[in-house]
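Observations on the three-dimensional arrangement
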Amino acid sequence: MSTGTAVAIPIGRRLRRFLRDQPLVPLIVLLVGLVIVLEVLRPGIVNERWIANTIKFAIPLAILASCQTLTMLTGGIDLSVGIVATVSAFVMATQVTTHDPAIAIAISLLPAILIGLANGIGAGVFRVHPLIMTLGLSLIATGGLQVYQRTVLATGSAIPDSLAWLGTGRTNGVPNSLVLFVPLAAVIILGLRRTGFGRLLYAIGDNENAARLSGVRAWQVIVVLYALSGLLAGIAGLVYVGLIKAPSLSLAVPLLLPSVAAAVIGGTSIFGGRGGYGGTIVGALILTVLTTLLTVLQVPEGARRILFGFIILAVTAAHVRITEDS
Amino acid sequence: AQDGSYTIGVSNTVQGNGWREEMVCAIKAQALASGKVESLNIAHRNTDAAGQLEDIRNLIQAGVDAIVVNPANPEGINPAIKEATDAGIVVVAVDQAVTEQSAFVLSNNQEEYAYLGAKWLFEQLGGDGTVVYMRGAAGASADDDRDAGFKRALAEFPGIKVAHEVFTGWQQDQGKQQILDYIATGIPFDGVWTSGIDNVIVDAFVESDVPLVPIVGADNAGFVGQLNSVEGLVGAAVTNPGSIGGAGVTLAVRILDGETPGSRTVLVDPELWENVTADGRAKLAAAADPSLDPEWPVSISVPEWTNYSKAQIIACAGPGE
Amino acid sequence: MTQTVRRHGWAIGLFALLVLLLIITKLIQPGYGASGIGSLARAALPFAFATAAQVIVVIAGGIDLSIASMMAVTSVTAAAMMDGASEEFAVVVVLFVLLLGIAMGMINGILVVLTRVPDIVVTLAMLFVWEGVALLILRAPGGAAAEWLKGIIVGTAGIPGLPAEITAWIPKALLVLVVCLGIVWLPLRRSRLGLSIYAVGSDALAAFRSGVAVNRTKVVAYAVAGLFAAMGGLVLTMSTGIGAPIPGPYLLASVAAVVLGGVALGGGRGGLLGPIIAVFILRLVRTDLTLLSVDPNITTVIEGTIMVVVVILGGLVALRGRSA
Amino acid sequence: MTSESLLDASGVCKSYGPVAALRDASLTVGPGEVHALVGANGAGKSTLVKILTGAVRPDSGRILIRGRDRKVHSPAEARRSGLVSVYQEPALIPDLDVADNLRLTGTPVDPFMKWVRALGIDKLDLFETARDLPLAVLRILDLARALAIEPDVLLLDEMTAALPANLAEKVLDVVRRQCETGRSVIFISHRFLEISALCDRATVLRDGETVGVVDVEAGVEEQIVELMLGTRTELGRAAGKPQQSAGDRRPEGETPRLRISNLGAGTKLEDVSFDLQVGEVLGVIALEGQGQDELFGVLSGSRRALTGKIEVDGTEARFRHPADAIRAGLVYVPSNRVDALLMQRSVRENIALPFCAGAWGPIDMAKENVRVDGAIERLQIDTRAQGEVQRLSGGNQQKVTIARWIATGVQTLLCFDPTRGIDIRTKREIYSLLRELAAQGSSVLLYTSELEEVQLVCDRAVVIFGGRVVDVLPADIANEPTLMRAAYGLPREVSSDAIPGSAPAHGASGIELGPA
Ligand SMILES: Nc1ncnc2c1ncn2[C@@H]1O[C@H](COP(=O)(O)OP(=O)(O)OP(=O)(O)O)[C@@H](O)[C@H]1O
Ligand SMILES: Nc1ncnc2c1ncn2[C@@H]1O[C@H](COP(=O)(O)OP(=O)(O)OP(=O)(O)O)[C@@H](O)[C@H]1O
Ligand SMILES: [Mg+2]
Ligand SMILES: [Mg+2]
């Protein structure tokens, strides 16, 4: 039996403890590692322009992943974000031909909030599992978008300069989309830690019954949460269409699974009660860099997907191992 | 059935893509314009060959007179086509061929599509240089056919090398990120061949402030507009009309009327419009149509096969709507 | 008796709904008959196997997002192996592909257990992996299927002892489904292994303390899911005659059918019957919408609405039942 | 039992991150012995049990079974070595019915049913889903299942804590008979009465270390408590009689804090009426399943009343959600901590939860600090592992559930068996806290399964039987025998001067669960 006070904690243990208390650090290390691998494979690729491009593509993904982070904290998920973002982008692009851009943007966010609200009412009031509720509503939204599309075929579409500036532009080498994203991320991160609403998300995800006994009306929180998630998805769609500049009927749909992956890689528990938005942002960056890395790898497409899958798994497994109790 | 009262079923397995949406609108417009179609019965969703089997069988149950189908792949839906033709239903496959002999085929020649564009590009480069090869969706048979055409052209130009081959999945956003990444590597290349994800590629060059290289795309309204207007852009659009669906309706109606064509297969060969020669520029200028959705092919009709007006296809209304 | 009704109440309700839908179908299309039921059964087959695979994993407290990709792998493997091979060789192919399915499922399960990453994340990653594998096996749709295999799910079955009037209504595809699911599910459900699967999904800690080998049980559940997915992949090859490397729309459909069928996402509760009936309901709704020649875009809206409304109604019924 | 020991564990250590659950624990059990394992909350008793039965791996330590070195990696392996445990938490699979639960563990049904009957449950539907059974029944079934496979060493972790007195008595009987056949039992309980009535020896754990092994004989309690707590002071005195309560000084005719009239809910609560005065601690006494769950459910807003009315400070109140009850000043402390806590969140977030329920906006951190720290201090919560509440021991977790309401400023506290499974020091702290609250003008409604608590903390007690109030007793005559008689629905004896501390003669009549 050691009797002295534990002064000499082995360095390994100390490192582990440090990493566990700072779960962002290993994620960032990993991100840097991927960038280094990329630079080794394609010397010269990591330059100012590439970094700006990566950030531009990571931002819409990170905003969509914020929807997953917030809903996953309560033990839910939002599978409608891909189509909601697309709806917003498409509605904006078609409305802008007849309206002022600001009005078109406002109009385009309306369906996003409404879909979110419907998700929230289903999940919060009728207690439908969010997976099913958001899946069902994404089907409904897909159909609705197609119907809408028919009615506006003659109007054409356009991307307002302001959104193009936001999505694609750079000022002194810094992507303009950071103007929107930095405050947004700050609000989400602080909101989760320092507001009653943020605390309630964790509380509901951890133990809804306990929250209820403490006087929390969970359904209200859930309804607001999913409406917020819809709004965020709508914003992501607008930023994305500003970046891609081609409003299609499936614009952001391929981002759905990556948005879930970004939140999970970032350390948010899919069972609720644990996680945060900081990790999600790094997760989105990791995924974006990984996509580039696989693009520049000259291997068959099949092998590329296999690698993508295994790398996601390896990253999450490493993160779980580092952050869990030893 | 007597004149003017045909019911035509439609089966399509990709939803939410401009080309396919145009195809469906062409089908509706042609059905209306023909005056011989009483109603359309459209099964239109994202699914695979097995799902298309289901849709075709449902259409058989619904008692349609003819089925216009854009097949998920050339072989997978043969059993249902056979069942339909056995039941006396006329089946017309559009866009892609099917191997079932009892069906009529009115298809875009995908191999030729790729060959034509690639050959033009390689000639443009003087038979020497490197190109970025931006394919469609991995595992799709149309992509495979186009690959065959591209490889055929490549074989004819030993001086051309493929610097980079990627699958865009026919997604605008993926294509844009991929080309931006590649531009960022700084590795020089001389041309880009795309499988129809084209206007975002031009955007990427413009936004990155790098010199444009020759780009081959499809006749999508957005890209055609760029070929006409973007300073310094050299490129070509290869036609791949979505309006082939309307042609399919015409063929089906003709067969129902008793005018069975001599050959069961009609391949619609693509055209190439480039902006290098005056002739090509004239064609492009004539084809350009800024009022169309950028994802829609500008060839909104197939000469001799369709007789609807532009207003009709944009209205996208079928009989009884 | 009441015990049975209470336990299978949801499935019984779904069955009533299915019968109602069949009657409606007959009203819409008076010609709807044996051939219609036959194509319904064939359309339901791949969905049913995908759903069965999902059911067992969900009962074990997990979820498998890689089911459609595994179906693609087994489908292209079968089609590629049978291409140009003899009819008899197809027997070997079938056995091989079933084993392949079990192996893939086991890999999923082992990764879930070893990495301690939540199931949904592991199988999300494996979705990409299996998709890649399928593409490496066949880069475009192709291959072939033995004629006898294709014939298995076509037409109606003559069952000895039953009059022709009845057997004329029983499609072979339905029989194939019942036999394949029954052979695996019935012995499993009543065995200790089956109970263990329920136990692990219900409360893994309590299961561990009850002496259940939790990890092994999870791996088994995933392996059985892989087996069902392989059956689904085979069915795809049997019905289309080829293999296609791009996964079909079976993943989300399987999750929807599982929930509609009364299996709790979270584990431990539900059975196979309800979800399979739900598959038939969803397919029949599709048929009805086509028969009614509803605008295809509205069709998507209707399908989404039905999903949401049925689950909401189910929730309300369950609440009513509990408070009564 | 001197020669050959059945089980011999020594030097067992186990850490959870920074928390050392066990530092150097040892335990020796001989054949035919009932061995008590005692210690304050968080001393490491449950952890030791889990290690002995393979549910948790130790960091180090040596376990000998019948003199042979054994490594047990799972409860299943432990069972094969003859060690079976009934853990502190129910271990039946909630979604399986009882029969399937038995099949899962390979438990023979006939012996199981025999034990179930011996343990006082006459009617058991084997096809009932475990989730639908009350906690007390689940505990009994756990025990019966363990007994049915005839273990050499039976480990009971706070088996009696969640049981009503009649069932607890049966358990003690069964344990006694168990060791008569040469089998051993390791018995964990916070109730000294049970330990002295049952056990041969006791191993005392303090802060994860074995600090002593004593033979249980008359007067050994003081010694155990001393070992347990490591101090000598303040222990001779019990929490003492209730202070002169505010209730007694109350002027006539003042409106009560809470007036309940003809309340009925669910199938069990039929017709209950009583008043809770300002500054009063009112005990509620009932056997298992007499409607007390429903009563507290209705008062806390978690379920709806069918009949009757509730008046708070003279105005009628209707609660559709706990939030309504909280707004009316009625706050609820459930007995099951799992129901009340956010296990993955910090102590701070748990305590501050009720504030967030009403205020979704930015949190005033400075104000929150003051309130939370005040509550932690007042309840003396051990916050070494405050990052996640699940790392606290049971007693400290229970304190957090109360601290939450102390921080809010409580008017009426509804406590449902708040001292279940809590060590004696913590209990006393909670008692004096309740008295203090009452003295400050709060009211407390206290359901307790430990009858002696009525005289320790309450001013009065209402006894509920079959969903109705059968008696209301002032604390000075509410000794255990009187309460017990009333709880069984028997009329009050004419002379009620029973001797405090004498063992109540309960469990004799075959009482069934559920309303009479
Ligand atoms: N114990 C329960 N049993 C059955 N249903 C419940 C229970 N508790 C809540 N619900 C239902 O679940 C939903 C959400 O419950 P929650 O308690 O969060 O809302 P609420 O504030 O009680 O709603 P309301 O104001 O309508 O009473 C509501 O529809 C509610 O009726
Ligand atoms: N899974 C765990 N993770 C972290 N800490 C734990 C865990 N389990 C127990 N502990 C800690 O180990 C210590 C001993 O806990 P244990 O449950 O063994 O106490 P106990 O003696 O059974 O207490 P009680 O009488 O309250 O049941 C406590 O400080 C507790 O906080
Ligand atoms: Mg304990
Ligand atoms: Mg404990």
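This report concerns the structure included in the present document. (Residues numbered from 1 in each chain as written. Chains lettered and ligands numbered in written order. Predicted model: local features only at pLDDT ≥ 70, side-chain atom pairs only at ≥ 80, totals over all residues. Heavy atoms only, no water.)

Here we look at helix 7 (residues 199-208) of chain B
Burial within helix 7 of chain B is extensive, with eight of its 10 residues counted as buried. For helix 7 of chain B, the full list of buried residues reads Asn199(B), Val200(B), Ile201(B), Val202(B), Asp203(B), Ala204(B), Phe205(B) and Ser208(B). (Buried < 20%, exposed > 50% of the residue type's maximum accessible area, 1.4 Å probe, protein only. Helix = DSSP H or I, 4+ residues; strand = E, 2+ residues; numbered from the N terminus.)

Points about the interface of chain B and chain A
With 38 residues of chain B in contact, the opposing surface of chain A contributes 39 residues. Taken together, the two surfaces of chain B and chain A that pack against each other cover about 3100 Å², and 52% of this comes from carbon and sulfur. Here chain B and chain A share two salt bridges between them. Linking Arg150(A) and Glu21(B) is a salt bridge whose minimum nitrogen-to-oxygen distance equals 3.1 Å. Applying the counting rule to chain B against chain A returns eight residue pairs in polar contact (both at pLDDT 80 or more). Of all the secondary-structure elements, those providing two or more residues to the side of chain B that touches chain A are helix 1 (18-34), strand 7 (160-167), helix 6 (172-185) and helix 7 of chain B. Examining the composition of the side of chain B that touches chain A, we find that 11 residues originate from one element, helix 6 of chain B, more than from any other. Taken together, the residues that form the side of chain B that touches chain A break down as 17 nonpolar, 11 polar and 10 charged. (Contact = heavy atoms within 4.5 Å. Buried area = accessible area lost by both parts, 1.4 Å probe. Salt bridge = Lys/Arg side-chain N within 4 Å of Asp/Glu carboxyl O. Polar contact = N/O pair within 3.5 Å; in protein donor to acceptor, adjacent residues only side chain to side chain. Nonpolar A, V, L, I, M, F, W, Y, C, P; charged D, E, K, R; others polar.)

Some thoughts on the site of ligand 2
All names here are of chain D. Taken together, the neighbourhood of ligand 2 is formed by 19 residues, with Asn-41, Gly-42, Ser-46, Thr-47 and Arg-391 sitting nearest. Between Ser-46 and ligand 2, the recorded distance is 2.7 Å, taken from a side-chain N or O atom to an oxygen atom. Compared with its free state, where it exposes 640 Å², ligand 2 has 85% of that area covered by protein. When residues of the shell around ligand 2 are traced back to their parent elements, those giving at least two are strand 2 (19-29), helix 1 (45-52) and helix 15 (394-408). When residues in the shell around ligand 2 are grouped by element, the largest group, three residues, is from helix 1. When grouped by side-chain class, the residues that make up the shell around ligand 2 number six nonpolar, 10 polar and three charged. Residue assignment places the shell around ligand 2 across two domains, with domain 1 (7-229) and domain 3 (338-409) each supplying three or more. (Near = heavy atom within 4 Å. Areas by Shrake-Rupley, 256 points an atom, 1.4 Å probe, with all protein chains shown as cover. Domains from an automatic or database assignment.)

As for the sheet that holds strand 4 (residues 90-95) of chain B
Residues and elements named next belong to chain B. A sheet is described by the order of its strands in space; here six strands give the open sequence 2-1-3-4-5-11, paired in parallel fashion. Bordering the open sheet on either side are strand 2 (37-44) and strand 11 (265-268), each of which pairs with just one other strand. Across the sheet, the mean angle separating the axes of adjacent strands is 15° when strand polarity is ignored. Here strand 4 pairs with strand 5 (residues 104-108) via four bridges, running parallel. From the neighbouring strand, Ala-93 faces strand 5, where its bridge partner is Val-105. (Pairing = 2+ DSSP bridges. Axes fitted to C-alpha atoms, helices over the stretch in contact; angles between N-to-C directions.)

Considering the pairing of strand 18 (residues 443-447) of chain D
Residue and element names in this part refer to chain D. Buried residues dominate strand 18, accounting for five of its five residues. Here strand 18 shows two buried faces, one formed by Ser-443, Leu-445 and Tyr-447 and the other by Val-444 and Leu-446. For strand 13 (residues 281-285) and strand 18, the ladder comprises four bridges, and the chain directions are parallel. Bridging across to strand 18, Val-284 finds its partner in Tyr-447.

Let's talk about the side chain of Asp65(B)
All names here are of chain B. Position of Asp-65 relative to the elements: it lies in the loop between helix 2 (49-61) and strand 3 (66-69). Of the side chains with opposite charge, Lys-36 lies nearest to the buried Asp-65, which makes no salt bridge, at 13 Å. A distance of 2.7 Å separates a polar side-chain atom of Asp-65 from the backbone nitrogen of Thr-7. (Lys, Arg positive; Asp, Glu negative; His and termini not counted.)

Section: the coordination of the magnesium ion (ligand 3)
Six octahedral donors at a metal ideally form angles of 90 or 180 degrees, and four tetrahedral donors ideally form angles of 109.5 degrees. Residue and element names in this part refer to chain D. Donor atoms from the polypeptide that coordinate the magnesium ion (ligand 3) comprise Ser-46 (OG) and Gln-88 (OE1), at 1.9 to 2.2 Å from the metal. Here the magnesium ion (ligand 3) and the magnesium ion (ligand 4) are spaced 2.9 Å apart. Of the two residues, Ser-46 sits in helix 1 while Gln-88 sits in the loop between strand 6 (83-86) and helix 3 (98-105), which places them 42 residues apart along the sequence. Overall, the relative accessible area of 15% leaves Ser-46 in the buried class. (Donors = N, O, S within 2.8 Å, 3.2 Å for Na, K, Ca; no water.)

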